[in-house]
Amino acid sequence: MAHRRRLTVLLTTIVVLLGLCTWWNHRWSVLTHVRVPQTTTATIFLPGSSGRWLSLRSMVTSLNRPHLATFALTAHVSFAGRVSWQQRHAIRANNPLVPIIFKDNTHPQRQARQLLVVLNQLHRRYGINHINVVGHSSGGTIIYDYLNNRSQAPVTVRRIVTIGADFPERTPLRRVTPSCNWLNLAGTIGALDNDSEVPVATVTPPHLHTWLPNAASITISGVMPVPFGTHNIPCYMRIPR
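Keep in mind the model is a prediction, meaning the values are calculated, not measured.

J.: Tell me about the overall build of the chain, and name the residues and values.
T.: Broken down by element type, the chain carries 5 helices and 9 strands. Order of helices (α) and strands (β) in the chain, N terminus to C terminus: α-β-α-β-β-β-β-α-β-α-β-β-α-β. Per-residue burial for the chain yields a buried fraction of 41% across its 241 residues. Put simply, the chain shows about 13500 Å² of open surface, and 59% of that area lies on carbon and sulfur atoms.

J.: Give a detailed account of unusual backbone geometry, specifying residues and quantitative values.
T.: Even without a glycine there, the phi angle at Ser 50 is positive, about 65°. Note that Ser 50 resides in the loop between strand 1 (42-46) and helix 2 (53-63). Under the relative-accessibility criterion, Ser 50 is labelled partly exposed at 49%. Here Asn 95, not a glycine, exhibits a phi torsion of approximately 50°, which is positive. Take Asn 95: it is sitting in the loop between strand 4 (83-87) and strand 5 (96-102).

J.: So, the confidence of the model for the chain: which residues are in play, and what are the values?
T.: With 73% of its residues at a pLDDT of 70 or more, the chain shows a mean pLDDT of 78. Scored below 50 in pLDDT, residues 220-241 makes 45 contacts in the model with residues more than four places away or belonging to other chains.

J.: Give me the lowdown on the packing of helix 3 (residues 108-126) against helix 4 (residues 138-148), citing residues and values where you can.
T.: Two numbers describe how helix 3 lies on helix 4: the axes approach to 8 Å, and their chain directions differ by 65°. When the axes of helix 3 and helix 4 are compared, the crossing they make is right-handed. Along the contact surface, helix 3 presents Pro 108, Gln 109, Gln 111, Ala 112, Leu 115, Leu 116 and Leu 119, while helix 4 presents Ser 138, Thr 141, Ile 142, Ile 143, Asp 145 and Tyr 146. Class assignment for the residues of the contact of helix 3 with helix 4 results in 8 nonpolar, 4 polar and 1 charged.

J.: Tell me what's going on with the nonpolar core, and back it up with residues and numbers.
T.: Across soluble globular proteins, you tend to see nonpolar side chains buried next to one another. Counting 36 residues, the largest nonpolar core has Ile 44, Leu 115, Ile 131 and Tyr 146 as its most contacted members. Per-element tally for this core: the top contributor is helix 3, with 7 residues. Dropping the residues within four chain positions of it, Ile 44 is found in contact with Val 98, Ile 100, Leu 115, Leu 119, Leu 122, Ile 131, Asn 132, Val 133 and Val 134.

J.: Outline a nonpolar patch on the surface, supporting the account with residue identities and numerical values.
T.: A cluster of nonpolar side chains, contributed by Leu 7, Leu 10, Leu 11, Ile 14 and Leu 18, occupies part of the molecular surface with about 450 Å² of accessible area. Looking at where Ile 14 falls in the secondary structure, it is placed in helix 1 (residues 2-27).

J.: Can you lay out the environment of Pro 37 for me, pointing to particular residues and giving the numbers?
T.: Its place among the elements puts Pro 37 in the loop between helix 1 and strand 1. Between the alpha carbons of Pro 37 and Ala 93 there is a distance of 9.0 Å; along the sequence they are 56 residues apart.

J.: Let's hear about the pairing of strand 4: which residues, and what values?
T.: In this structure, strand 3 (residues 73-77) lies alongside strand 4, joined through 5 bridges in antiparallel fashion. Note that in strand 4 the partner of His 76 across the bridge is Ser 84. The antiparallel pairing of strand 3 with strand 4 creates a hairpin that spans 5 residues between the two strands, and Gly 81 there sits at a positive phi of about 90°.

J.: Describe the pattern of salt bridges, and please don't skip the residues or the numbers.
T.: Side-chain pairs of opposite charge can arise whenever the charged atoms involved come near each other. The full count for this structure, using the stated rule, is 1 salt bridge. Close ionic contact of Arg 110 with Asp 104 constitutes a salt bridge, the shortest N to O distance being 2.4 Å.

J.: Give me the lowdown on the side chain of Gln 114, citing residues and values where you can.
T.: The residue Gln 114 is located in helix 3 in this model. When near neighbours in sequence (up to four residues on either side) are disregarded, Gln 114 contacts Val 77, Ser 78, Phe 79, Ala 80, Gly 81 and Phe 102.

J.: Please set out the packing of aromatic side chains residue by residue, giving values where relevant.
T.: Enumeration over the complete set of coordinates arrives at 5 aromatic pairs. Seen from their ring centres, Trp 53 and Phe 71 are 5.5 Å apart, and the 20° between their planes marks the pair as stacked. Here the residue Trp 53 occupies a position in helix 2, and Phe 71 occupies one in strand 2 (residues 70-71), the gap between them amounting to 18 residues. Overall, the relative accessible area of 4% leaves Phe 71 in the buried class. Seen from their ring centres, Phe 167 and Trp 182 are 5.8 Å apart, and the 65° between their planes marks the pair as edge-to-face. Taken together, the residues span a long stretch of sequence, with Phe 167 in the loop between strand 7 (156-163) and strand 8 (181-187) and Trp 182 in strand 8 at a distance of 15 residues. Note on accessibility: Phe 167 and Trp 182 belong to one class, buried. What links up through ring pairs into an aromatic cluster is the set Tyr 144, Phe 167 and Trp 182.

About the criteria used
- Residues numbered from 1 in each chain as written.
- Predicted model: local features only at pLDDT ≥ 70, side-chain atom pairs only at ≥ 80, totals over all residues.
- Heavy atoms only, no water.
- Helix = DSSP H or I, 4+ residues; strand = E, 2+ residues; numbered from the N terminus.
- Buried < 20%, exposed > 50% of the residue type's maximum accessible area, 1.4 Å probe, protein only.
- Areas by Shrake-Rupley, 256 points an atom, 1.4 Å probe, with all protein chains shown as cover.
- pLDDT = per-residue confidence, 0-100.
- Contact = heavy atoms within 4.5 Å.
- Axes fitted to C-alpha atoms, helices over the stretch in contact; angles between N-to-C directions.
- Left-handed = near helix turned anticlockwise from the far one by under 90°.
- Nonpolar A, V, L, I, M, F, W, Y, C, P; charged D, E, K, R; others polar.
- Core = buried A, V, L, I, M, F, W, Y, C linked by side-chain atoms within 4.5 Å.
- Patch = residues over 30% accessible without salt bridge, like charges linked within 9 Å, V, L, I, M, F, W, Y side chains within 5 Å.
- Salt bridge = Lys/Arg side-chain N within 4 Å of Asp/Glu carboxyl O.
- Pairing = 2+ DSSP bridges.
- Phe/Tyr/Trp six-rings, centres within 6.5 Å; stacked < 30°, edge-to-face > 60°.

As structure tokens, this is what we get:
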């Protein structure tokens, strides 16, 4: 009898694990047929407050596919701002992905200054001249503060996607950056009838559209996934193509 119970528990566990694996793979099956141009433009990933590698892991590893991008480098930034690099693959025309992990991960303005060091090294050591940025939560504030700093790395920021970023108490950007495309996502997820920590009224930084003409904000409502283009996703500006 005990043997039968153990066998039942084992089989149930196996079925559950197989189900979870199938579900997890199905989540990313949409990427199977996606093809994008391969360039040397690096995409850097900035975690939110108290965020570390686990905050970025799923997104980075899911995009790490030959026809999409290559997880090439990880930048580890110490409290003092010293950068150490962990290289996984060579930098070439393979859409390199570069997560940045800050030891001091609760002070966006300091992290923005440290980001300057990271980008300078990314340029000097690996020949990166152009970047895209993905920032979650206060990761969006980090790139916003970086763009507002007087010192800039010799690297062009082409595209920014911020997810759930509210840019608290930020002043307008100091310079016009017409070549940068910025998309900010926020809103109600899971039909909770609230905006959690990201009120819709705060998702766009002050005068962002003045200084970044190719900027857009999307407010997402309802249960994910939400069909694109429905009334649940009001677009405040056009989304750059």
